[in-house]
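# Examination of the molecular architecture
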Amino acid sequence: MNKEFNTICVVGLGYIGLPTASLLGTKGFEVLGVDVSQNVVDTINAGKIHIVEPDLDILVKSSVNAGYLTASLTPREADVFILAVPTPFCDDHQPDLSYIENATRMIAPYVKPGNLVILESTSPVGTTEHTVARILRESGHDVGKDVHVAHCPERVLPGRILIELVENDRIVGGINARSTEKAASFYRSFVRGEVLETNAATAEMAKLTENAFRDVNIAFANEMSIICDNLGIDTWDLINLANRHPRVNILQPGPGVGGHCIAVDPWFIIASDRENARLLETARLVNDNKPQWVIDKVKAKAAKFKNPQIACLGLAFKADVDDLRESPAVKIVRQLQKEAVGELLVCEPNIQKHPDFPLHSISDCIEKADIVLLLVDHREFKALKPADLNEKILIDTRGAIR
Ligand code: SAJ
């Protein structure tokens, strides 16, 4: 165990903060997790979890039971502070930094000389310096000398968080060389991947670039899928064939791009240089318009029935997770419901219930449906065979039933 860092305060106990806090707890750090929600705090202190992620329950339970992880509404003194709060965008796609500002203000009174403050939240370029370091300076800290500040973006994939937290290479960028060095040494104490050092702005941009890269590539697949559909070509066959070229690797088309990352982060780059971010903005629009294309397709098929029964398979933003945030599937089902396109039979095997849609079993959906709309390639749906859908109209937005 690194003597320099014994106590850790993690602010924000969501999809990144909680796995990070509990992982650190199992590595022998003394961790305090801070969240604004009493319910989240109580749940974690009881050794339980409020989100679904493979094996996270075991990790939280063992670190809480061993006394290495506790949760609280307020921070306390620590060697390292990790900020893992959301960075959404406002209506005009401008980044909303209020969570980062509030979290920094919250920890400022507990920070002391020698401490390390790490921003893990995905952030527009300049946030580590102009928001986190600035607020700490305004609170009287000698930032860069006494208090070290760095950005270390999280890069874990929901569904594989606990593996990727340890295995992924990490990028660490401090507001000065000493901050970078300190933060890198902290991550090296528990990460198996390589820890790569840079400055704060490059670390911020690296994270945004990774997600923008993926967004642009998914937009390419989504655009091709629409063109292929118009030309009567099976997109998935086409992509499989094109991907046999040694330098081509096309991603998978779908009903749109969801989640809290890929559909959000490119806007942070666009907001910083709109004039030049032309490809990025177009990609965002292509992906954001894909749900409407799916809705139009369903409506065209539904028009052939008097009272069409439409099975909507999946609500999550991607396969085999329970996360419905920014899910294109939810957007599509909501719109179909609003326009009363037919009788909707919704199935989402990863959640117990939904406030707006009664949930049905797969077999119930398939049995009653005239139209089967596959929205998420959950493993349960991929097990379906074309023969199971005899005489039904299949709209498979993920190419899952082959
Ligand atoms: N999607 C497609 N086609 C594809 C791949 C994805 O339509 O070929 C869709 C998914 O269905 C989903 C969305 O894109 O709606 C995003 O899913 P994802 O699995 O690509 O990514 P996320 O949002 O779960 O996690 C991403 C990851 N970033 C990259 O892969 C570059 C993860 O490593 C980041 O840590 C995470 O964003 C984050 O927190 O920023």
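Here's what I pulled together on the structure shown here. Please read all numbers here as calculations on a predicted model, not as lab measurements. (Residues numbered from 1 in each chain as written. Predicted model: local features only at pLDDT ≥ 70, side-chain atom pairs only at ≥ 80, totals over all residues. Heavy atoms only, no water.)

### Observations regarding the overall build of the chain
Regarding its fold elements, the chain presents 14 helices and twelve strands. A globule of 402 residues ought to have a C-alpha radius of gyration of about 21 Å, and the chain, at 23 Å, matches this closely. Across its three principal axes, the chain shows a C-alpha extent of roughly 70 × 50 × 40 Å. For the chain, the proportion of its 402 residues judged to be buried stands at 51%. Approximately 18,300 Å² of the chain is accessible, and the part contributed by carbon and sulfur atoms is 51%. Counting 43 positive and 54 negative side-chain charges, the chain places the averaged centre of each group 2 Å from the other. (Helix = DSSP H or I, 4+ residues; strand = E, 2+ residues; numbered from the N terminus. Rg over C-alpha atoms; globule rule 2.2 N^0.38 Å. Buried < 20%, exposed > 50% of the residue type's maximum accessible area, 1.4 Å probe, protein only. Areas by Shrake-Rupley, 256 points an atom, 1.4 Å probe, with all protein chains shown as cover. Lys, Arg positive; Asp, Glu negative; His and termini not counted. Charge placed at Lys NZ, Arg CZ, Asp CG, Glu CD.)

### What about the sheet that holds strand S4 (residues 80–83)?
What the eight strands build is an open sheet, ordered S3-S2-S1-S4-S5-S6-S7-S8; its pairing is mixed. If you trace the sheet from one side to the other, it starts and ends with strand S3 (69–72) and strand S8 (195–199), each paired once. Taking the axes of each pair of neighbouring strands and ignoring which way they run, one obtains an average angle of 25 degrees across the sheet. Pairing analysis gives two bridges linking strand S6 (residues 148–151) to strand S7 (residues 170–174), with the strands arranged antiparallel. (Pairing = 2+ DSSP bridges. Axes fitted to C-alpha atoms, helices over the stretch in contact; angles between N-to-C directions.)

### Describing the site of the ligand
For the ligand, the set of nearby residues contains 20 residues, the closest of which are Glu-154, Val-156, Lys-207, Arg-214 and Gln-252. Contacts to the ligand include Glu-154, whose side-chain N or O atom sits 2.6 Å from an oxygen atom. Here an oxygen atom of the ligand sits 2.7 Å away from a polar atom, N or O, in the side chain of Arg-398. Among the elements that take part in the shell around the ligand, helix H8 (residues 200–231) stands out by supplying five residues, more than any other. Across the shell around the ligand, the residue classes tally to nine nonpolar, three polar and eight charged. (Near = heavy atom within 4 Å. Polar contact = N/O pair within 3.5 Å; in protein donor to acceptor, adjacent residues only side chain to side chain. Nonpolar A, V, L, I, M, F, W, Y, C, P; charged D, E, K, R; others polar.)

### Overview of empty space enclosed by the protein
To locate leftover empty space, one rolls a probe as large as a water molecule over the atoms. One pass over the full model with this rule turns up one cavity of 30 Å³ or more. Considered as a void within the structure, the largest cavity measures approximately 40 Å³ in volume. Elements that contribute at least two residues to the lining of the largest cavity include exactly strand S1 (7–11) and strand S2 (30–34). (1 Å grid on protein atoms, 1.4 Å probe; cavity = no way out; pocket = protein on both sides within 12 Å on 5 of 7 lines; lining within 4 Å. Points joined across faces, edges and corners; volume = space filled by probe spheres on them.)

### Let's talk about the pattern of salt bridges
In the structure shown here, the tally under the stated rule is 22 salt bridges. A salt bridge links Arg-192 to Glu-167, with the shortest nitrogen-to-oxygen separation between them at 2.7 Å. Within this pair, whereas Arg-192 is found in the loop between helix H7 (177–188) and S8, its partner Glu-167 is found in helix H6 (residues 161–167), the two being separated by 25 residues in sequence. Among the residues examined, Arg-192 registers a relative accessible area of 63% and is labelled exposed. (Salt bridge = Lys/Arg side-chain N within 4 Å of Asp/Glu carboxyl O.)

### Here we look at the packing of helix H1 (residues 17–26) against helix H3 (residues 56–65)
It is the contact of H1 with H3, at a shortest axis distance of 8 Å, that shows an interaxial angle of 50 degrees. Classified by the angle their axes make, H1 and H3 are oblique. Note on packing geometry: the crossing formed by H1 with H3 is left-handed. Across the interface between the two elements, Leu-18, Pro-19, Ser-22, Leu-23, Gly-25 and Thr-26 from H1 touch Leu-56, Leu-59, Val-60, Ser-62 and Ser-63 from H3. Partitioning the contact of H1 with H3 into residue classes produces six nonpolar, five polar and no charged. (Parallel < 35°, antiparallel > 145°, perpendicular 65-115°, else oblique. Left-handed = near helix turned anticlockwise from the far one by under 90°. Contact = heavy atoms within 4.5 Å.)

### A few points about the packing of aromatic side chains
Counted by the stated rule, this structure contains six aromatic pairs. One aromatic cluster in this structure is built from Phe-5, Phe-29, Phe-186, Tyr-187 and Phe-190. (Phe/Tyr/Trp six-rings, centres within 6.5 Å; stacked < 30°, edge-to-face > 60°.)

### So, the packing of helix H11 (residues 278–302) against helix H12 (residues 328–338)
Two quantities define a packed helix pair, namely the angle between the helix axes and the distance between the axes. Their axes nearest at 10 Å, the elements H11 and H12 cross at an angle of 40 degrees. When the interaxial angle is binned, H11 and H12 end up oblique. Pair H11 / H12 crosses with right-handed handedness. Each of Pro-291, Val-294, Ile-295 and Val-298 in H11 lies in contact with H12, whose residues at this interface are Pro-328, Lys-331, Ile-332, Gln-335 and Leu-336. In terms of residue class, the contact of H11 with H12 is built from seven nonpolar, one polar and one charged.

### Re H11
Along an α-helix, residues three or four apart share an orientation, since each turn contains 3.6 residues. The terminal C-alpha atoms of H11, which comprises 25 residues, lie 36 Å apart, in line with the 36 Å expected from a rise of 1.5 Å per residue. A maximum bend of about 30 degrees is found in H11 at Lys-290, where proline Pro-291 lies one to four positions downstream. (Expected span 1.5 Å × (residues − 1). Bend = angle between axes of the 7 residues up to and from the residue.)

### Here we look at a nonpolar patch on the surface
Together, Ile-227, Leu-231 and Ile-233 make up a nonpolar patch on the protein surface, roughly 270 Å² of accessible area in all. With respect to the helices and strands, the residue Ile-227 is situated in helix H8. (Patch = residues over 30% accessible without salt bridge, like charges linked within 9 Å, V, L, I, M, F, W, Y side chains within 5 Å.)

### Observations concerning the layout of surface pockets
There is about 370 Å³ of room inside the second largest pocket. Contributing to the lining of the second largest pocket are 21 residues, with Asp-229, Thr-235, Trp-236, Lys-297 and Asp-396 lying nearest its centre. Broken down by element, the lining of the second largest pocket gets its largest block of residues, five residues, from H11. When its residues are assigned to classes, the lining of the second largest pocket shows nine nonpolar, five polar and seven charged.

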